[in-house]
Each structure stands twice: as structure tokens, then as C-alpha cells.
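# Structural overview
The primary structure of each chain is shown beneath.
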Protein chains: 2
Amino acid sequence: MCQLLGMNCNGSAAITFSFTGFAARGGRTADHADGWGIAYYQGSGCRVFHDDQPASDSKLAAFLSDYPIKSKIVLAHVRKATQGLPGLSNCHPFIREWLGQSWVFVHNGDLKNFQPEASFSVTCNHRFLPIGTTDSEKAFCWLMQELSAKFADRAAPPHWDELAPALAEITEIVARYGNFNFLLSNGEALYAHCSSTLHALERAHPFPTAKLVDCDVSMDLGALNAEGDRMVILATEPLTDEASWRKFETGEFSVYVGGACVFQHVNNKTRAFAMPTPECTAQSLALERAAELMVADR
Amino acid sequence: MCQLLGMNCNGSAAITFSFTGFAARGGRTADHADGWGIAYYQGSGCRVFHDDQPASDSKLAAFLSDYPIKSKIVLAHVRKATQGLPGLSNCHPFIREWLGQSWVFVHNGDLKNFQPEASFSVTCNHRFLPIGTTDSEKAFCWLMQELSAKFADRAAPPHWDELAPALAEITEIVARYGNFNFLLSNGEALYAHCSSTLHALERAHPFPTAKLVDCDVSMDLGALNAEGDRMVILATEPLTDEASWRKFETGEFSVYVGGACVFQHVNNKTRAFAMPTPECTAQSLALERAAELMVADR
């Protein structure tokens, strides 16, 4: 599978500490070595970095671990390919523009036979198409198509209070096809869903000294944050030794704005599907490679 | 104004040499200090780096000058704001997905009162909206809307032989509004248009030793390239001391694939508009800042 990392704060903060531990999972402390990526929102802008190299070996990841880009919302991903061969176009985050905002998405899980019907008119059928070959990007494109159809009459972007229930509804449909753990943002809110595994850590004053799980690195977070600061860190598996990491429920859809949870809905019918075995995944990727070679030979 | 840099090759090549000279124009050898960006195509994927700092001072630009990302198509930009305040969302390249491809765009020039009519149905009127406030991104969005309207019946991306004449036609309309020097790509071809200033350099075996104009750096390009390699470098102003830089004609629209020019059309009616004076630009940006402050105060 893959791993996710997200951060939402009420003030701009650097994610270098968390990212240092997270990047190690891209090949050193875990085997999510099929590429990585990270997106930082800054005002209405969004900068996304991708690399198809293992994060634990990547010079770009090393650069970013030491380069404090301050942001209120960050999403990151380390990949272990299940569907879609390793390669740049299959690295998350995926990004699309809708109504003048950048929408960014990272996913871990596996969606089998994901072929839902598009509910909108034929005219817009080719909006938001995948560039790569992952189930993740396909799901993201379908989610954006459904979202844009639900708000087809809008010229300006809706706010999170309207988007949250719409996204919860769309998410429930996708989650029927497999594990659909994801993070999603448009720069206003951070949307998170758990099918199988996701954890949240809320931090506020007084900030602790925290130690990373994946590296022998500790940080006095009180020295970096002011009294009014608040943030939430979301990660597939806890990144630090702090006791207050909370495990999401299966089917939980939560929304964060300004470092606080503003919306939560749990769908008790959501399944936490079993992940494919390494043997199944290897076989499936081998079939993809063979198919690509056949196309290339023509 | 801004400056543009592009590269198209028949094999993957690193642009570190050209980018070293180009980045210097972002604040050291020229005053294009309002941010920069660069996009590299790798297979169907595209990685875009942006920074709102001057390229000549940017740690990220310094990292990329020394980090050889190999690509067949690269587009880069250093910004001097004319319309749209300095800020991340106003840094080029701009990127949009259409029919499962990443379209990337960089522009230099100034488009006054750019308000063309959209030629397609109301249903798709909100496709490809700007995220920032530049004339450049607005023009790119309009170009993509017109292109997607012309090929509205397609489920798969057209090739350059169909896209080139369509883009030449769309370009002529935009170029009536001001200087519209640009580079555009979808990873298959590199499209280039000149209203006022753009230069091209074609390189093939035997490759020369070249010296950058902006830095005391020379490189024996023969040591880096094989006999069958060919490439074209496009730049607002020549980057090296090589004699074979060719100045585009006003109204020239050229398309490059595999390091060679495959399509060329010159519209003799295109005007090379006078650029706004620094005083006019400063006044216009001051008005934008004041307007932003008024909105923030409400």
C-alpha cells in the first residue's frame, strides 16, 4: 500500500519535521519506494513536488526536508504501487483546477473494478481525465466530475460547509470498490477519509517535545509555535511517539479548517477491505508491464 | 516583462546548463525577480517547480541548476510582474489537464483588456478558470477553452498535426490584445509564438563548446550529446555566445517535435505592441495592491 501525510494549521507552518520521518518510509523504514510527492498551499497558489525515486534516497526529498516552506495546508504521499506501474505520472498528489482553485488528492488503498457511472451530461463527459494509470487518479477524476456536476450552476467555488456533505456522499460510493483512505484539499479545507487506516494528531499550546518514530530526531515544538497556534497532523501511521494520536474509525470522513475539525460523518457500512497480498500485487504489475510492452512493440 | 526558456529534444536531456544562465536573469543579470518556474515532461508525466522568490536568489533554483532532470520537453519562466501582483499563484508555468494530458504554458508580454467571447456552450463555460490574477493565465485558460471546444467530439487527444493549425488560429485572436510571446506543450510537441521577442537555437552533431551570456560558464556540449541527438532551445534573448541563434519573426508560430521544426506559420498582421513603461507598470500594480487591501479590510 502507500502512506499519507497531511497538515492543517491556523497559521502557516513548516512540515519539515514530520516530512523527515515520513520520507524515511519511502524505502528505508518501510517499502513505499515507488515514488513520492508533496503539495503546499500558499494563499491561492499551490506548489507540488513529485519524484519517481524512493523518498528515502531522493535528493529532492532531502532538499525539502531542510527547506522550510510555510503553509496552512500540506498533503504528501509515498507510493507502493498496487495498480499502475512505477513512474512519474502515477505519483501522487494528483492536481486539477476547478472553479479557479487547485484541488489536490492523495490516496492509499486499492479500488477493484472501479467503473462507476458518470452522472452528468455527455457534454462534460471528458472533463477531469486521468493522465496516469492508477486506480487512485481515476477515483480522483470521478470524484471531481461528480463534485462539479453537483455544483454545475456555480461560477464561484462553494465553501467547505456545502462541499463537505457533497464529498461525504461521493466518497461513500467510491469506498464500495475498495480501500479508499484519502486526503483532499482546495486550499480552504483539508478533507480526510478512512476505510482502513488513518490517524490524527491535534496540537495546540503547550506544544510538546516530540520524537520521530522513523528517525532518531526530536524537536521542541514549543520553540517553533506560538500560544494561539493550532494544527492537526494526519498520517496513515503515527509519525511520532506522542500518546494523543487518534485512530480514525472505518468510514470516518472528517474535515479540518484552521487546524480544527469542523465536520465529521461516519458511514457505518464502509468496509475495510483486505489489502491484496504482495504476490497478487506483483502478478498484477507484471501483467501491466507485459501489456505495455505489447503496445510498445506494435 | 518576463523571459521564457524552452527545450525540445529527440532524446531526454538535462537543461541544467541553459537554466543556470536563465536563472541569473531572475534578479542578477536582469530584473525578472517576481518569481519563476520550470516544467519537465517525463513520459506522460510532468513535474512543475514554482517559487515566488527571485530565481537568482532561490535555493530551489540553485538545487535544480545542479540536479539533472532528463526530459524531452522543458518550459521555464522568470517573471517581472505587469498584471497580477507578485505571488505564487501568479508564477508561470500554468498547468491544466485536458483529455488526459498535462498542458503547460509560459508567457511574456502584456495583454490589455483581454475579454474575448467564449465560443462554446454555456455548460462548459466554467472550464479552465484562472487561479491567479495575471493576464497570462487568463489567456491560457481561454486558449484551452477554445481548443477543447474545437475538439469537443474527441475522447482521445489529437496529435500535433491537427492541433497546430487550430492553435495558430486561436493564437492570432489573443495576439490582437497585446504582446503574446509564449511557449506551450502537452508533452508531445513544443508550440512557440512570437509577437515581439523570441529566439531559437538548433543544435545537432557536431555539438559546440558554448559559453553562457549571463555567467562565466562554458560547456563542451559534444561530451554530453551523441551523434544522433538533436535539440532546439528557445529563449526570449539568446542564452549563449553561439552565432546560430535565430530571431523569430513577429507573428511566427512554430512547432517542434523531436528537436526539429515540424510546422510554421507567420501571421503578417500580428503587431509587436510597445511594452508598458516601468512607471505605468508600477502605477498599475499599486492600484492592484490598493484594491486587494480594500477587499481584505471588509
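This one's a predicted model, so the numbers in the text were calculated from it and none came from an experiment. (Residues numbered from 1 in each chain as written. Chains lettered and ligands numbered in written order. Predicted model: local features only at pLDDT ≥ 70, side-chain atom pairs only at ≥ 80, totals over all residues. Heavy atoms only, no water.)

Attention now moves to the overall build of chain A. Looking only at helices and strands, chain A has five helices and 15 strands in total. Relative to the globule expectation of 19 Å for 298 residues, the C-alpha radius of gyration of chain A, 19 Å, shows essentially globular dimensions. Projected onto the principal axes, the alpha-carbon positions of chain A cover approximately 60 × 45 × 35 Å. Relative to its full complement of 298 residues, chain A shows a buried share of 56%. Summarising the internal contacts of chain A: among those between residues at least 6 apart in sequence, 73% fall at separations of at least 24. Charge-centre separation for chain A: the mean point of 24 positive side chains lies 2 Å from the mean point of 33 negative side chains. (Helix = DSSP H or I, 4+ residues; strand = E, 2+ residues; numbered from the N terminus. Rg over C-alpha atoms; globule rule 2.2 N^0.38 Å. Buried < 20%, exposed > 50% of the residue type's maximum accessible area, 1.4 Å probe, protein only. Contact = heavy atoms within 4.5 Å. Lys, Arg positive; Asp, Glu negative; His and termini not counted. Charge placed at Lys NZ, Arg CZ, Asp CG, Glu CD.)

So, on to the pattern of salt bridges. Applying the stated rule across the entire model yields 22 salt bridges over all chains. Residue arginine 230 of chain A pairs with glutamate 202 of chain A through a salt bridge whose shortest N-O separation is 3.6 Å. Residue arginine 230 of chain A is located in strand β12 (residues 230-235), and its partner glutamate 202 of chain A is located in strand β9 (residues 199-204); the two are separated by 28 residues in the primary sequence. In this structure arginine 230 of chain A comes out as partly exposed when scored by relative accessible area, which is 32%. Residue classification places glutamate 202 of chain A among the partly exposed positions, given a relative accessible area of 42%. Residue glutamate 252 of chain B is joined to arginine 246 of chain B by a salt bridge in which the shortest nitrogen-to-oxygen separation is 2.8 Å. Exposure remark for glutamate 252 of chain B: the relative accessible area of 0% places this residue in the buried category. Salt bridges sharing partners connect three or more residues here, namely Arg96 and Glu137 of chain A together with Glu97 of chain B. (Salt bridge = Lys/Arg side-chain N within 4 Å of Asp/Glu carboxyl O.)

In this model, helix α3 (residues 135-150) of chain B (16 residues) spans 22 Å end to end at C-alpha, consistent with the 22 Å of a helix rising 1.5 Å per residue. Judged by how many residues are buried, α3 of chain B sits mostly within the fold: 13 of 16 residues are covered. (Expected span 1.5 Å × (residues − 1).)

In the superposition of chain B on chain A (RMSD 0.0 Å, axial shift 0.0 Å), the rotation amounts to 180°. Considering both components of the superposition, the chain copies are consistent with a two-fold axis. (Least-squares fit on C-alpha atoms with pLDDT ≥ 70 in both.)

Residues and elements named next belong to chain A. Its place among the elements puts methionine 1 in the segment before β1 (3-13). For methionine 1, a relative accessible area of 22% gives the class partly exposed. Once the C-alpha coordinates of methionine 1 and histidine 107 are considered, the two residues, 106 residues apart in sequence, prove to be 9.6 Å apart. If we ignore the near neighbours within four places in the chain, the residues touching methionine 1 are His32, Lys80, Asn108, Gly109, Asn181, Ser196 and Met275.

On to the side chain of threonine 240 of chain A, then. All names here are of chain A. Relative to the helices and strands, threonine 240 is located in the loop between β12 and β13 (246-247). Among the polar contacts listed, one links the side chain of threonine 240 to the side chain of glutamate 242, at a separation of 2.5 Å. Within the local environment of threonine 240, its side chain forms a polar contact with the side chain of tryptophan 245, the two groups lying 3.0 Å apart. Once residues lying within four places of it in the same chain are set aside, the contact partners of threonine 240 are Phe17, Leu201, Arg203, Ala210, Lys211, Leu212, Val213 and Trp245. (Polar contact = N/O pair within 3.5 Å; in protein donor to acceptor, adjacent residues only side chain to side chain.)

By convention, interface size is frequently given as the accessible area that disappears when the constituent parts associate. Counting residues at the interface gives 33 residues for chain B and 33 residues for chain A. Both faces combined, the contact of chain B with chain A buries some 2,800 Å², and carbon together with sulfur accounts for 59% of it. Looking at the side of chain B facing chain A, the largest losses of area belong to Glu97, His126 and Ile131 of chain B, adding up to 20% of the total buried there. Scanning the region where chain B abuts chain A turns up four salt bridges. Between glutamate 97 of chain B and arginine 96 of chain A there is a salt bridge, with its nearest N and O atoms 3.0 Å apart. Viewed at the interface, chain A and chain B are joined by eight residue pairs in polar contact (both at pLDDT 80 or more). When contributions to the side of chain B that touches chain A are tallied by element, the ones reaching two or more residues are β3 (45-51), α2 (59-65), β5 (94-98) and β6 (101-108) of chain B. Looking at which element gives the most residues to the side of chain B that touches chain A, the answer is β3 of chain B, with seven residues. The class makeup of the residues in the side of chain B that touches chain A is 15 nonpolar, eleven polar and seven charged. (Buried area = accessible area lost by both parts, 1.4 Å probe. Nonpolar A, V, L, I, M, F, W, Y, C, P; charged D, E, K, R; others polar.)

All names here are of chain A. What the six strands build is an open sheet, ordered β5-β6-β7-β8-β14-β15; its pairing is antiparallel. Only two strands of the sheet have a single neighbouring strand rather than two, namely β5 (94-98) and β15 (260-266). When strand polarity is set aside, the average angle formed by the axes of neighbouring strands in this sheet is 20°. Where strand β8 (residues 190-194) meets strand β14 (residues 252-257), five bridges bridge the pair, whose relative direction is antiparallel. Paired with cysteine 194 across the two strands is glutamate 252, which belongs to β14. In the packing of helix α3 (residues 135-150) onto the sheet, contacts are made with β5, β6 (101-111) and β7 (178-185), and the angle to β6 comes to roughly 130°. Its contacts with the sheet put helix α4 (residues 160-174) on β5, β6, β7, β8, β14 and β15, and the angle it makes with β15 is roughly 35°. (Pairing = 2+ DSSP bridges. Axes fitted to C-alpha atoms, helices over the stretch in contact; angles between N-to-C directions.)

To continue, consider the pairing of β5 of chain A. Residues and elements named next belong to chain A. For β5, a buried count of four out of five residues is recorded, marking the element as mostly surrounded by other parts of the structure. Bridge analysis of β5 against β6 gives five bridges, and the strand direction is antiparallel. Paired with phenylalanine 94 across the bridge in β6 is phenylalanine 105. Between β5 and β6, which pair antiparallel and follow one another directly, the connecting turn spans two residues, one of which, leucine 99, has a positive phi of 50°.

Turning our eyes to something else, we now look at the nonpolar core. Across soluble globular proteins, nonpolar side chains have a tendency to be buried as a group. Grouped together as the largest cluster of nonpolar side chains are 70 residues, with contacts concentrated most on Ile38 and Leu64 of chain A together with Ile38 and Leu64 of chain B. Among all residues touching leucine 64 of chain B, those that are not within four sequence positions of it are Thr16, Phe19, Trp36, Ile38, Tyr40, Phe49 and Ile69 of chain B. (Core = buried A, V, L, I, M, F, W, Y, C linked by side-chain atoms within 4.5 Å.)

We now examine the side chain of arginine 96 of chain B. Topologically, arginine 96 of chain B is positioned in strand β5. Engagement of the side chain of arginine 96 of chain B in a polar contact is seen with the side chain of glutamate 97 of chain A, the distance being 3.1 Å. Polar side-chain contacts of arginine 96 of chain B include one of 2.8 Å to the backbone oxygen of leucine 129 of chain B. The contacts of arginine 96 of chain B, once residues within four sequence positions are left out, are Glu97 of chain A together with Gln101, Ser102, Trp103, Phe128, Leu129, Pro130, Ile131, Glu137, Phe140 and Cys141 of chain B.

What follows is about the pairing of β7 of chain A. All names here are of chain A. Most of β7 sits out of view: eight of its eight residues are buried. Relative to β7, β6 runs antiparallel, the two being bridged by eight bridges. Bridge pairing in β7 places valine 104 opposite serine 185. Where β7 lies against β8, four bridges are found, and the strand directions are antiparallel. Paired with serine 185 across the two strands is leucine 190, which belongs to β8. In sequence, β7 turns back onto β8 through a hairpin of four residues, with glycine 187 there showing a positive phi of about 95°.

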